[in-house]
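Below are the chains, spelled out letter by letter.
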Protein chains: 2
Amino acid sequence: MNMEKLHKLSLNTRNLYPENKESPIHFLHDTNTPTHLKFIRNHFSYPYPPETNISIFISGHVQKSILFTLADICKYPIRTVHCVLECAGNKRSFFRPKVYGEQWENGAISQGKWSGVSLRDLLLCTGINRNANEVVFKGRDKGVKKKRVVHFERSLPIKKALHKDTIVAFKYNGKPISYKAGGPIRLIVPQWYGMASVKWLSEITVIKNKFNGQFQSEDYMYYPLPPNHANVKPVTSINVNSIIQSPINYATLSSSKHLIKGIAWTGEGVVKSVRVSVDEGQTWQTAYLNKSTNTESYTWVQWSLLWHFKRKGHYVILVQAEDSYGRFQPESALWNRKGYGYNEITKAFINIE
Amino acid sequence: MNMEKLHKLSLNTRNLYPENKESPIHFLHDTNTPTHLKFIRNHFSYPYPPETNISIFISGHVQKSILFTLADICKYPIRTVHCVLECAGNKRSFFRPKVYGEQWENGAISQGKWSGVSLRDLLLCTGINRNANEVVFKGRDKGVKKKRVVHFERSLPIKKALHKDTIVAFKYNGKPISYKAGGPIRLIVPQWYGMASVKWLSEITVIKNKFNGQFQSEDYMYYPLPPNHANVKPVTSINVNSIIQSPINYATLSSSKHLIKGIAWTGEGVVKSVRVSVDEGQTWQTAYLNKSTNTESYTWVQWSLLWHFKRKGHYVILVQAEDSYGRFQPESALWNRKGYGYNEITKAFINIE
């Protein structure tokens, strides 16, 4: 018997129909999340039947509508982006007061290498009209919302759509994208929360105006209290954030040296520093960052701090990440009705015996 | 592609070393929990190497010490008990103030048919001395606690040890007990929390006095505040309790009829009734019980109530089970330092749109 193999990891289920599961992120120490441990966030049932005749139709405010088959797409230069994908509702369960929706803990986040072609290459073929404003992406997944059948649809501002790293992806970590992960073809939008990376991509429409679909103007909007014109904002790029992978929250440990470790990430820019407090914020230590030198990275950084817990009793560990734009995890998360973007200073309560 | 098979269930991980995982109990609608979805609660690493020479040695305050091989044990009449096993720390994460330990939600509970022989049959062979008081069970799992190597060991009062349904089990749902589930041989103690059902059973010792092992006199004790001689009590039988399997907590549903359903269970006695409130306790409805007529049952009961949610807005669903001893789920759980026996009235917050 291989004892090591007994300790198998699998996804943690939040809901089953539609399937919503989170990654056992506290136990994932790799740079890339394997497909079977990647969080799953669905708004509807899986699209059925799975599409075999793969193509993407680009139309709308363009000179020429084009149907791209997978063979057509593969003629463009391959682009690989190594990035974090995080659900906007990740950590929703930590909001106080509580909010409705999937009660994600820390695991609605993954990281891996997505390969495909720049959306830009495809869009430019169509001759986008000069006054085009947004690009709308339609997934094959659909269901009933407010008594109407709607597809999952999202738009991007034209500038983000034309960014070289916004890709029409068909590989994940070197292999075809699994059906459950949105394959065979999905959009990948680095820096933005996961809702932008439309799965089971089938249609792309260039528009002149503002897109007002269910998942654009009702869901995936920040509604703080009191909601007014000034503070209701769309959910876009990922907030600077972190998790503590070890020790586990509410663990009891022996009084000795323990490695405090975890990951930190952000949307635009990169993580610049991570500081850790083991005395509830009275004093702070700078964590070691296992960081690539690439300043254009979209990946999380692994941070760690070896700490000697000498005194017995209760400790509160705090972690605060700061990014290259000077943004840092706030002391309290911006509460909003739909529970997006939670990034409060990360906490773990530890008992030393 | 079999779409149904896409929605696979697996255990939710709380910790990996030692392995502690809970059942996706909200999605389990069977009477018996299959082995691969049974919660896993370990105090130490899995015992290694797995024992192949299976035997149980009974000694201590007896006329004659006996080594029982598996072949010896199998000569006694087979007894099957259909029972709930619940970790004493199940629902620990719901205590306020929070307590240290594994942050179990609702899933540290399982149900199935355990087969073996009555422990009574084996004990009686040894000629228990008249003034024997307790029976101590030693598992093969061991590790360091307070700088000493200790095995997982628990005792039962002689009366509970001699109950016909306290069994030395070697089958679960008709198959050999898996190694991870404590096989090949483990104790099963119906009505008591799971810590009593010692896994990887190897030695049984009859004693005259009171057993004072780590898991008997330090852990698995209720320490309410303020702890004093009168209110510190050992954890024994299971408290009357319930969970709501559907709808999921913090779900948003349409304004129509929804089936509110779940399970309820208790230690001694049986579940007599389950009442449900959809208006935060102002009015109560009696739930339908899918109940066997067996008044000596150790199993959970499935309850349900079809409710028409007419008004839009927020609802608090409350569930309160009552058992045949007149015990019911309290309005607030008895807080205790180690977080055992949480059985507060079950709540779900629902948003009707």
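Remember, it's a predicted structure, so these values are computed and weren't measured experimentally.

Turning next to the overall build of chain A. If you tally the helices and strands in chain A, you get 5 helices and 24 strands. On the principal axes, the C-alpha backbone points of chain A span a range of 70 × 55 × 40 Å. Each of the 353 residues in chain A was classed as buried or not, and the buried ones make up 56%. The long-range share in chain A, meaning contacts at least 24 apart out of those at least 6 apart in sequence, stands at 71%.

Counting residues in each nonpolar core, the largest one holds 75 residues, and the members touching the most others are Trp303 and Ile317 of chain B. Both domains that meet at this core, namely domain 1 (3–234) and domain 2 (241–352) of chain B, each give it at least three residues. Membership of the second largest hydrophobic core comes to 52 residues, among which are Ile58, Val62, Phe68 and Ile204 of chain A.

Attention now goes to the pairing of strand S9 (residues 148–157) of chain B. Inspection of the sheet shows strand S8 (residues 134–145) of chain B paired to S9 of chain B by 9 bridges, in the antiparallel sense. Each bridged residue has a counterpart across the sheet, and for Val136 of chain B the counterpart in S9 of chain B is Ser155 of chain B.

Across the boundary between the two partners, chain A contributes 43 residues, which contact 43 residues of chain B. Summed over both sides, the interface between chain A and chain B buries roughly 3600 Å², with carbon and sulfur atoms accounting for 60% of that surface. When the area that chain A buries against chain B is broken down by residue, the three leading residues are His7, Tyr100 and Tyr250 of chain A, summing to 23%. Counting across the interface, chain A meets chain B through 14 residue pairs in polar contact (both at pLDDT 80 or more). Of all the secondary structure elements, the ones that give two or more residues to the side of chain A that touches chain B are helix H1 (3–6), strand S1 (12–15), strand S17 (251–253), strand S23 (313–323) and strand S24 (346–352) of chain A. Looking at the side of chain A that touches chain B element by element, the count peaks at 4 residues for S1 of chain A.

Further remarks concern the relation of the copies chain A and chain B. Once turned by 180° and shifted 0.0 Å along the axis, chain A lies on chain B with an RMSD of 0.0 Å. Here the two chains are linked by the operation of a two-fold rotation axis. Minimal C-alpha distance to the rotation axis in chain A is attained by Asn12 of chain A, lying at 2.3 Å. A share of 100% of the interface residues of chain A reappears at the interface of chain B, consistent with the copies meeting face to face through the same patch.

Turning our eyes to something else, we now look at the sheet that holds strand S23 (residues 313–323) of chain B. Ordered in space as S17-S24-S23-S19-S20 (chain B), the 5 strands form an open sheet in which the pairing is mixed. Single-partner strands in this sheet number two, and they are strand S17 (251–253) and strand S20 (285–286) of chain B.

On to the domain arrangement of chain A, then. Residues and elements named next belong to chain A. Segmentation of chain A into domains returns domain 1 (3–234) and domain 2 (241–352). The straight-line distance from the C-alpha centre of domain 1 to that of domain 2 is 27 Å. On the domain 2 side, the residues contacting the 42 residues of domain 1 number 28 residues. Across the domain 1 to domain 2 interface the summed buried area is about 3200 Å²; carbon plus sulfur atoms make up 60%. By the criterion of area lost to domain 2, the three top residues of domain 1 are Lys91, Phe95 and Gln191, representing 21% of everything that side buries. Lys338 is paired through a salt bridge with Asp219; the nearest N and O atoms lie 2.6 Å apart. Viewed at the interface, domain 2 and domain 1 are joined by 18 residue pairs in polar contact (both at pLDDT 80 or more). Put simply, the parts of the chain that give the side of domain 1 that touches domain 2 at least two residues each are strand S6 (78–86), strand S7 (109–118) and strand S14 (221–222).

This part covers the UniProt feature "domain: Oxidoreductase molybdopterin-binding" (unreviewed entry) in chain A. In the UniProt entry, the feature "domain: Oxidoreductase molybdopterin-binding" (unreviewed entry) is given for residues 52–213 of chain A. End C-alpha to end C-alpha, residues 52–213 of chain A measures 27 Å, and it is 10% helix and 43% strand.

Turning to the pairing of strand S4 (residues 55–60) of chain A, a few remarks are in order. Residue and element names in this part refer to chain A. Looking at chain direction, S4 and strand S5 (residues 66–69) are connected through 4 bridges and run antiparallel. Following the sheet pairing, Ile58 is matched in S5 by Ile66. Hairpin connection from S4 to S5: 5 residues lie between these consecutive antiparallel strands.

Let's shift gears to the pattern of salt bridges. Residues and elements named next belong to chain A. The full count for this structure, using the stated rule, is 29 salt bridges over all chains. Here Lys145 ties to Asp219 by a salt bridge, and the two come within 3.3 Å at their closest N and O atoms. Placement of the pair is Lys145 in strand S8 (residues 134–145) and Asp219 in the loop between helix H5 (214–218) and S14, with a sequence separation of 74 residues. Given the relative accessible area of 26%, Lys145 is considered partly exposed. Given the relative accessible area of 9%, Asp219 is considered buried.

Quick look at the side chain of Ser59 of chain B now. Tracing the chain through its elements places Ser59 of chain B in strand S4 (residues 55–60). Sequence-distant contacts of Ser59 of chain B, that is, excluding residues within four places in its chain, are made with Ser65, Ile204, Thr205 and Val206 of chain B.

Strands pair in a sheet through their backbones, by hydrogen bonds, and they do so in one of two ways: parallel or antiparallel. All names here are of chain A. The 5 strands are arranged S5-S4-S13-S8-S9 in an open sheet whose pairing can be described as mixed. Only two strands of the sheet have a single partner each, and these edge strands are S5 and strand S9 (148–157). Each adjacent strand pair in this sheet contributes to an overall mean axis angle of 25°, direction not counted.

All names here are of chain B. Structurally, Leu67 can be placed in strand S5 (residues 66–69). Residue classification places Leu67 among the partly exposed residues on the basis of a relative accessible area of 47%. Considering only alpha carbons, one finds Leu67 and Lys291, 224 residues apart in sequence, at a separation of 41 Å.

On to the environment of Tyr220 of chain B. Residue and element names in this part refer to chain B. The topology assignment puts Tyr220 in the loop between helix H5 (214–218) and strand S14 (221–222). Tyr220 gets classed as buried once you look at its relative accessible area, which sits at 5%. Note: C-alpha distance between Tyr220 and Phe57 (163 residues apart in sequence) is 25 Å. Once you skip the residues sitting within four places of it in the chain, Tyr220 turns out to touch Arg41, His43, Ala88, Phe152, Arg154, Met195, Phe215, Pro234, Val235 and Tyr340.

To continue, consider unusual backbone geometry. Here the amide bond leading from Tyr17 of chain B into Pro18 of chain B is cis, since omega sits at -5°, within 30 degrees of zero. Residue placement: Pro18 of chain B occurs in the loop between strand S1 (12–15) and strand S2 (20–22). Omega for the peptide link from Gly183 of chain B to Pro184 of chain B comes to 10°, which places this bond in the cis form. With respect to the helices and strands, Pro184 of chain B occurs in the loop between strand S11 (175–176) and strand S12 (186–188). Not every positive phi belongs to a glycine, and Tyr250 of chain A is a case in point at roughly 65°. Summarising the element assignment, Tyr250 of chain A is placed in the loop between strand S16 (241–246) and S17.

Take the state of the cysteines next. All names here are of chain A. Under the defined criterion, the tally for this structure stands at 0 disulfides over all chains. Of the cysteine sulfurs around Cys74, a residue in no disulfide, the closest is that of Cys125, at 14 Å. Residue classification places Cys74 among the partly exposed residues on the basis of a relative accessible area of 37%.

Turning our eyes to something else, we now look at the packing of aromatic side chains. Residues and elements named next belong to chain A. Tallying each qualifying case throughout the model produces 28 aromatic pairs over all chains. Measuring from ring centre to ring centre gives 6.4 Å for Tyr46 and Tyr179, while their planes differ by 40°; the resulting arrangement is tilted. Residue Tyr46 is located in the loop between strand S3 (40–41) and S4, and its partner Tyr179 is located in the loop between strand S11 (175–176) and strand S12 (186–188); the two are separated by 133 residues in the primary sequence. Taken as a pair, Tyr46 and Tyr179 share a single burial class, namely buried.

Criteria and cut-off values
Residues numbered from 1 in each chain as written. Chains lettered and ligands numbered in written order. Predicted model: local features only at pLDDT ≥ 70, side-chain atom pairs only at ≥ 80, totals over all residues. Heavy atoms only, no water. Helix = DSSP H or I, 4+ residues; strand = E, 2+ residues; numbered from the N terminus. Buried < 20%, exposed > 50% of the residue type's maximum accessible area, 1.4 Å probe, protein only. Contact = heavy atoms within 4.5 Å. Core = buried A, V, L, I, M, F, W, Y, C linked by side-chain atoms within 4.5 Å. Domains from an automatic or database assignment. Pairing = 2+ DSSP bridges. Buried area = accessible area lost by both parts, 1.4 Å probe. Polar contact = N/O pair within 3.5 Å; in protein donor to acceptor, adjacent residues only side chain to side chain. Least-squares fit on C-alpha atoms with pLDDT ≥ 70 in both. Salt bridge = Lys/Arg side-chain N within 4 Å of Asp/Glu carboxyl O. UniProt positions renumbered as here; feature names shortened; annotations may be inferred. Axes fitted to C-alpha atoms, helices over the stretch in contact; angles between N-to-C directions. Disulfide = S-S within 2.5 Å. Phe/Tyr/Trp six-rings, centres within 6.5 Å; stacked < 30°, edge-to-face > 60°.

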